[in-house]
Amino acid sequence: MKTRRIPLFVANWKLHNSVRDSLDYVNSIQRNCGPIADREVVIAGPFMALKDVYEQLTRPGFRVGAQNCFWEDAGAFTGEVSASMLAEVGCAYVILGHSERRRLFAETDDMVNLKIHASLRNGMVPILCVGEELSTREAGKTSDAVGAQVHRAIRGIDPKVAGKIVIAYEPIWAIGTGRSATPTQIQEVHVFIRGEIARIFGDSTAESIRMIYGGSVSASNICELMNEPDVDGALVGSASLKVESFAKIICFDRK
Ligand code: PEP
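Residues numbered from 1 in each chain as written. Predicted model: local features only at pLDDT ≥ 70, side-chain atom pairs only at ≥ 80, totals over all residues. Heavy atoms only, no water.

Section: the overall build of the chain
- Each helix and strand in the chain was counted, giving 12 helices and 8 strands.
- For 255 residues, the compact-globule formula gives about 18 Å, and the C-alpha radius of gyration of the chain, at 17 Å, lands near that figure.
- Along the first, second and third principal axes, the C-alpha set of the chain runs to 50 × 45 × 35 Å.
- In the chain, buried positions account for 53% of the 255 residues.
- If you take every contact in the chain between residues at least 6 apart in sequence, the share linking residues at least 24 apart comes to 74%.
- Entry remark: accessible area of the chain is about 11,400 Å², with carbon and sulfur atoms responsible for 53%. (Helix = DSSP H or I, 4+ residues; strand = E, 2+ residues; numbered from the N terminus. Rg over C-alpha atoms; globule rule 2.2 N^0.38 Å. Buried < 20%, exposed > 50% of the residue type's maximum accessible area, 1.4 Å probe, protein only. Contact = heavy atoms within 4.5 Å. Areas by Shrake-Rupley, 256 points an atom, 1.4 Å probe, with all protein chains shown as cover.)

Have a look at this one:
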């Protein structure tokens, strides 16, 4: 296990699990995992379940996350949920800029930037998702695309808090497809992003920022991914829906 940065495993449930299912799941995963004091686990459930999940997650290392937030704290924004409301019910993390939100809900880098500001202002850690289309990778333009997303999303962030941000590299072609990027491809992009962060915020922030990978992570590939020096954890969709498979991912280095 790498020791410099605390490993982070995020369950992105998307639009799954009722409040009842969520509570059953969190009780079961806490029993299954045993002590996880040396890593962090974030359960990013549906909005409706977050408060109950927070109250039920009593073991050290387990945190609650949201899958989105709005950038204003309050106002005439029908249907939105603000970062301040999420913080109030115990959310410590919020996933922002997921490719499904960019594609299905027309989220732009500018919106993601406003949401990152809102989450930091309210004391939550943003998990910024970036990633390229397959055609972009095949055209050799992965760094251009991912670099532009990162730069636009973190514009205007106070360097004093920038080190808290988590960046999730999620190649779009690997999400929900069963086709993970290779450890070499992932390490290459993570090193590139860390270099960009160093140019903007300096080496010590770049060293402390956690970079996690998402895209068809499973109990069978987590070990090889975590072997890469710049992979600090995983953002997990499908394989986080079952307690058994997510527990194996969290405890990848235990017998
Ligand atoms: C995701 O939704 O962020 C994701 C990585 O999904 P999956 O693990 O199913 O590819």
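Don't stop here, the text continues.
A look at the sheet that holds strand S7 (residues 210-214)
- Spatially, the 8 strands close up into a barrel ordered S1-S2-S3-S4-S5-S6-S7-S8, and their pairing is parallel. Mean inter-strand twist for the sheet, computed between neighbouring axes without regard to direction, equals 25°.
- Sheet topology places strand S4 (residues 91-96) next to strand S5 (residues 125-130); 4 bridges connect them, and they run parallel. Considered in S5, the bridge of Val94 is made with Pro126.
- Packing of helix H7 (residues 142-153) onto the sheet brings it into contact with S5 and strand S6 (166-169), and relative to S5 it is tilted by some 150°. (Pairing = 2+ DSSP bridges. Axes fitted to C-alpha atoms, helices over the stretch in contact; angles between N-to-C directions.)

A closer look at the pattern of salt bridges
- Taken as a whole and assessed by the stated rule, the structure comprises 23 salt bridges.
- Residue Asp109 pairs with Arg102 through a salt bridge whose shortest N-O separation is 2.5 Å.
- According to the relative accessible area criterion, Arg102 is buried, its value standing at 17%.
- When salt bridges that share partners are traced, they join Arg4, Arg5, Arg194, Glu207, Asp230 and Asp232 into one network. (Salt bridge = Lys/Arg side-chain N within 4 Å of Asp/Glu carboxyl O.)

Comments concerning the environment of Val64
- Within the fold, Val64 resides in strand S3 (residues 62-66).
- Sequence separation of Val64 and Glu170 is 106 residues, and the distance between their C-alpha atoms is 21 Å.
- Those residues in contact with Val64 that sit more than four places away from it in its chain are Val42, Ile43, Leu50, Val53, Tyr54, Leu57, Gly90, Cys91, Ala92 and Tyr93.

What about the site of the ligand?
- Around the ligand, a shell composed of 14 residues is seen, among which Lys14, Glu170, Gly176, Ser216 and Ser238 lie nearest.
- Glu170 has a polar side-chain atom sitting 2.7 Å from an oxygen atom of the ligand.
- Gly237 is positioned with one of its backbone polar atoms (N or O) 2.8 Å from an oxygen atom of the ligand.
- Summarising the interface, the protein chains cover 99% of the accessible area of the ligand, which totals 290 Å² for the free molecule. (Near = heavy atom within 4 Å. Polar contact = N/O pair within 3.5 Å; in protein donor to acceptor, adjacent residues only side chain to side chain.)

Brief notes about the pairing of S7
- Burial analysis of S7 places 5 of its 5 residues in the buried class, the great majority of the element.
- Side-chain alternation along S7 places Arg210, Ile212 and Gly214 on one buried face and Met211 and Tyr213 on a second face that is also buried.
- Where S6 meets S7, 4 bridges bridge the pair, whose relative direction is parallel. In the sheet register, Tyr169 faces S7, and the bridge partner there is Tyr213.

Description of the packing of helix H1 (residues 19-33) against helix H12 (residues 243-250)
- The geometry of H1 relative to H12 is characterised by a closest axis approach of 10 Å and an angle of 40° between their N-to-C directions. Between H1 and H12, the angle falls in the class oblique. In this structure, H1 meets H12 at a crossing whose hand is right-handed. Across from Tyr25, Ser28, Ile29, Asn32 and Cys33 in H1, the residues of H12 making contact are Val243, Phe246, Ala247 and Ile250. (Parallel < 35°, antiparallel > 145°, perpendicular 65-115°, else oblique. Left-handed = near helix turned anticlockwise from the far one by under 90°.)

Digging into H12
- Taken together, the buried positions of H12 are Val243, Phe246, Ala247, Ile249 and Ile250. Taken end-on, H12 shows its buried residues confined to a sector of 160°, consistent with a single buried face.
- Check the buried side of H12 and you find it contacts strand S1 (8-12), H1, strand S2 (40-44), helix H11 (222-226) and strand S8 (233-236). (Arc of directions from axis to C-beta.)

Focus: the pairing of S2
- The buried fraction of S2 is high, at 5 of 5 residues.
- The two faces of S2 match: Glu40, Val42 and Ala44 on one face and Val41 and Ile43 on the other face are all buried.
- In the sheet, S1 pairs with S2 via 5 bridges, with the strands oriented parallel. Following the sheet pairing, Val10 is matched in S2 by Val42.
- Following the chain from S1 across H1 to the adjacent parallel S2, one finds a crossover that is right-handed.
- The pairing of S2 with S3 spans 4 bridges and is parallel. Each bridged residue has a counterpart across the sheet, and for Val41 the counterpart in S3 is Phe62.
- Handedness of the crossover joining S2 and S3 through helix H2 (residues 50-56): right-handed. (Right-handed = clockwise from strand over helix to strand, strands pointing away.)

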